[in-house]
Structure formats: structure tokens, C-alpha cells
Amino acid sequence: MIRTRFAPSPTGFLHLGGARTALFAWAYARRHGGTFVLRIEDTDVARSTPAAVKAILDAMDWLGLAYDEGPYYQMQRMDRYRAVIADMLGRGLAYRCYMPATELDELRAAQMAAGEKPRYDGRWRPENARANGLVPPEGVAPVIRFRNPDEGMVAWDDRVKGHIAVANAELDDLVIARGDGTPTYNFCVVVDDIDMAITHVIRGDDHVNNTPRQINIHRALGHEPPVFAHVPTVLGEDGQKLSKRHGAVSVMEYEAAGYLPEAMVNFLARLGWAHGDDEVFGPGDFVGWFELDAISAAPSRFNTDKLHWLNQEHMKRMPSADLGARLVPYLVRAGLDAAAGPDPGEVAVLLRDRVRTLAEMADAAHYFYATPHPSPDRVAEHLNDHNRPAVKGIADAFADLPWTREAIAQRLKSEAAKHGLKPPQLMMPLRMLVAGTTQTPSLDAVLALLPREAVRSRIAAGLPL
Ligand code: GLU
């Protein structure tokens, strides 16, 4: 049974890189009929906030990344970590280290001065302390260190990065609990991954350096480590790493801007993963195709044009009623009353080729839900002696025809011909009068979606006497 997890630290919003990691962990579980666990790593009490937890949950919810278990909160598992530490102390897998921070700093400085890698020298390992006659000083709260193996290699076959091996001699004895007794990050992760029976750890490759230490703790606790897949970073448009200071924005800003979650999932999936030449696909396809081995080991780059294109493609493929339902909240945010105009599904279908996002669509749909009031000057720009009689007469010409797109198109054509005009000479002023803009889809389609009387009164109201 496959079990994956997403383990965000709630210190900020969910940005693209985090969302992509969550998506891959989710998809792998779904692909294999497994379980997707959400774990909130909130042990950094100073930086973790309930607002950040909510932001992460909202973003996952919007993207459709439903978890099967959790959220587990590390802060609620402190007793469990303490119990494991006590057990490790009892079994000699960990020991108390009384080295003051100042001494450790001196040791590191000396090692660096000698051109060595700074590392704790194991002086409080029980046998060393005994040999050197070290006695626990009074009043010093010790840290607890994990007794890392001295020899051999720690290695794993990363499903993205391939075989990675590190000599144990490179790793010092990791602090697993601080002087105040609080367990440290790398330790909690291992206890959690064991307790939550995680089979596949899919996470950002900023954690690669933690993995050998975590593997050693797994083994010390009598467990074979899970499979690891370290996913490369997402770079910004400029090839620089996305960070909170540089280009990283909340996933929810894409929601606010009117991207479809399907398009976002499609976009995130293609950041560092591919399935042949498939570019436009839904979450279901992605789950059906997703394999860890197809994740690229190279960093991927964010591309706004591609996101726009994918969003349009998803809008074009969506059934009109669905797209209309997606449009409604954006109409509301634009201050429009969706009930005051035509079926949003029909409006959406008319506009979707012309806009990149639902927010742009709501903007472009303005005149369907609110009466525009073009200034007399703007109307006058499109009127001249030549076309004025035709425009003035059109309200009457619309009075008697069946109110369908075809009939309207016919009537516009015949009225233009009757007055010796090319169709645009009649249609541009009509667009301005009815929509308050000349940027509209096919005028016959726009008019057909509005009630005939609304069209006639907008024309009458906007025309100079
Ligand atoms: N909490 C870590 C982070 O937010 C993830 C740890 C993990 O996936 O093992 O980067």
C-alpha cells in the first residue's frame, strides 16, 4: 500500500514550488490507489501561524488536492517524540551532550582554520566522555545527539536524482533534542514518516542533504527508510530561484487572477514532468500517467505565457454550464449581479477566446450585467452624417424581428445596405451604445444575449438628440 505525504511548514503561503511538491505526492498516491497524508510541520513556533495553515489548506482545496489522512500537527506529537528520544537514550542510540555552544563554536572555528569540515567531534559519546574524564557540569541542560554510524556509506536510489551515497564519516552526531527538550526537525520527520507508515517521500531537493541523516535514524529505529524522490526547484522566468523575496507568490493569487485550478494543476504538472507530447490534460489524465521516473532531474522554469495558454485551453474545453458557474464568483467580485443578465455560461462561451483568465472575462462581460453609460463624446467619435440615420433607425428596425442571433445578423446587414454603409460603419457605433466599448465579440451574438428592450433603450439613451 503506497502512502505519501505532504509536510509543509506553515510559515507562509503555499507558493508554486510547494504546490508542485504537494501535487506530485498527491498524484503518486492516487495513481497507485494509495493514501495521501497531510502533515503540518509547525515546530518552528516563532514562525508558524494559524493563518499560514489556513492558507495552505485553502490552496490545496482550490487545487483539488484532497488528503486522506491528517492534517497531523507535529506540535501535537511532542509526547511521542519525547518517548522515542527516551527510548533511544535507554538503548544507547542517543546520548546527552553537555558541550556549551561557545565551545562548539571554537571547535568549528579551529576546524575551519585547519581547512577541515566543521563537525562535532563526539566528545560526549559515553565512552569518550569516560575516557577523557568528562563529568556533566552542574546546571547545564544537555542536548541529545543521535549516535551516527562511524563507518560505511549511507546510500539510496533517489527516484529522481539516481544513486546518492554519502560516507558516514562526513556526518556528525545530529542533535535530536535541544537543551530545552524540544525535538529537532530532522528527528521529527523520521518519527513521523515511520509512525505514518510513509512509503514514498516526495519532496523538494532542498532536503537532499538531510536524507542521509534521516536514513541513519530510520535504521537505528529498526525501519528500512522509505523511497525518496527529490524534486528539483522551480525557477522564475529569469532563471533565478523562486523565493519569498523573489517571484514566489501564493497559489491563491492565481485563483484571484482567475486561473482555473485545472489549468494550474496542468501547469504545475508540466514543471519538471512530461508525458510524451501531451500538453493539455486534466487532473485525471495526470494521475493516470504520473510516474516518479519521468520527473526531470533538472530545475524547471516558470513561464507566464504557457500558463495563459493553458488557462485558455482549459476554458475552451470546459462545458459552458461549468465555465459559467466558474465565472459567477468573478462577476460578483467585479461588483456585478450575475442574476441581472444573461446565462453566464452563454456569456463565457462568447468571451472565452478573447480573454486569458476568468477575471478578465468578468471584466469583458461588464455590459451584460450592468448598463453602460458611454460619454456623448465617445459615442460621437463613431457617428457621422453618413451613418447617423441608420443608427437612429436601428431601434425601430429591431422592433419586429425574432430575437435570435441569425435574425439580428440579417437585419444588421440589410439596414447597413439600405443606408449604403459597410457593416462596420453601423456596428461600431452600435457597440459603443450597447456595450460602452468597441471591443466586443460578434455584435449579433452580443445583442442576442441581451433582452431586445435593453438593446433598444441603450441605443435611445446614448444617442444625441
Ligand atoms: N517541512 C518541510 C518543508 O516545508 C518538508 C519536510 C519534508 O518533506 O520532509 O520544507
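Scroll up to find the structure this text is about.
What comes next concerns the included structure. Keep in mind that this is a model prediction, so the values were computed, not measured.

## Let's talk about the overall build of the protein chain
Counting its regular elements, the protein chain contains 21 helices and 12 strands. At 32 Å, the protein chain has a C-alpha radius of gyration far larger than the 23 Å of a compact globule built from 465 residues. Viewed in the frame of its principal axes, the protein chain has a C-alpha envelope of about 110 × 40 × 40 Å. The burial tally for the protein chain puts 48% of its 465 residues in the buried class. Taking as baseline every contact in the protein chain between residues at least 6 positions apart, the subset at least 24 positions apart corresponds to 76%. Of the roughly 21200 Å² of accessible surface on the protein chain, 52% is carried by carbon and sulfur atoms. The distance from the centre of the 52 positive side-chain charges to the centre of the 59 negative ones in the protein chain is 2 Å.

## Comments concerning the packing of helix H12 (residues 320–333) against helix H13 (residues 344–351)
Packing of H12 against H13 leaves a shortest axis separation of 7 Å and a crossing angle of 95 degrees. When the interaxial angle is binned, H12 and H13 end up roughly perpendicular. Contacts between H12 and H13 involve Ser-320, Leu-323, Gly-324, Leu-327 and Val-328 from the first element and Pro-344, Gly-345, Val-347, Ala-348 and Val-349 from the second. A per-class count over the contact of H12 with H13 returns 7 nonpolar, 3 polar and no charged.

## Describing the nonpolar core
In this structure, Met-361, Phe-368, Phe-398, Leu-412, Leu-426, Leu-447 and Ile-459 are the most contacted members of the largest nonpolar core, which totals 51 residues. Residue contacts for Leu-412: discarding those within four places in its chain leaves Ile-394, Phe-398, Leu-426, Met-427, Leu-430, Leu-443, Asp-444 and Leu-447. Within the second largest apolar cluster, 50 residues are counted, among which are Tyr-28, Ile-40, Trp-62 and Val-287.

## Details of the pattern of salt bridges
Throughout the structure, instances matching the rule amount to 36 salt bridges. Across the pair Glu-291 and Arg-31 runs a salt bridge, and its minimum N-O distance is 3.2 Å. Here Glu-291 is found in the loop between helix H10 (283–289) and strand E12 (300–301), whereas its partner Arg-31 is found in helix H1 (residues 16–31), with 260 residues between them in sequence. Judged by relative accessible area, which is 33%, Arg-31 ranks as partly exposed. Here Asp-58 and Lys-54 are joined by a salt bridge, their closest N and O atoms 2.7 Å apart. Placement of both Asp-58 and Lys-54 in helix H2 (residues 50–63) is noted, with a separation of 4 residues, approximately one turn of the helix. Classification of Asp-58 by relative accessible area gives partly exposed; the value is 31%. Three or more residues joined by partner-sharing salt bridges are found here, namely Arg-5, Arg-39, Glu-41, Arg-77, Arg-80, Asp-192, Asp-193 and Asp-195.

What counts as what
Residues numbered from 1 in each chain as written. Predicted model: local features only at pLDDT ≥ 70, side-chain atom pairs only at ≥ 80, totals over all residues. Heavy atoms only, no water. Helix = DSSP H or I, 4+ residues; strand = E, 2+ residues; numbered from the N terminus. Rg over C-alpha atoms; globule rule 2.2 N^0.38 Å. Buried < 20%, exposed > 50% of the residue type's maximum accessible area, 1.4 Å probe, protein only. Contact = heavy atoms within 4.5 Å. Areas by Shrake-Rupley, 256 points an atom, 1.4 Å probe, with all protein chains shown as cover. Lys, Arg positive; Asp, Glu negative; His and termini not counted. Charge placed at Lys NZ, Arg CZ, Asp CG, Glu CD. Axes fitted to C-alpha atoms, helices over the stretch in contact; angles between N-to-C directions. Parallel < 35°, antiparallel > 145°, perpendicular 65-115°, else oblique. Nonpolar A, V, L, I, M, F, W, Y, C, P; charged D, E, K, R; others polar. Core = buried A, V, L, I, M, F, W, Y, C linked by side-chain atoms within 4.5 Å. Salt bridge = Lys/Arg side-chain N within 4 Å of Asp/Glu carboxyl O.

Taken by themselves, the reported measurements are silent on function.
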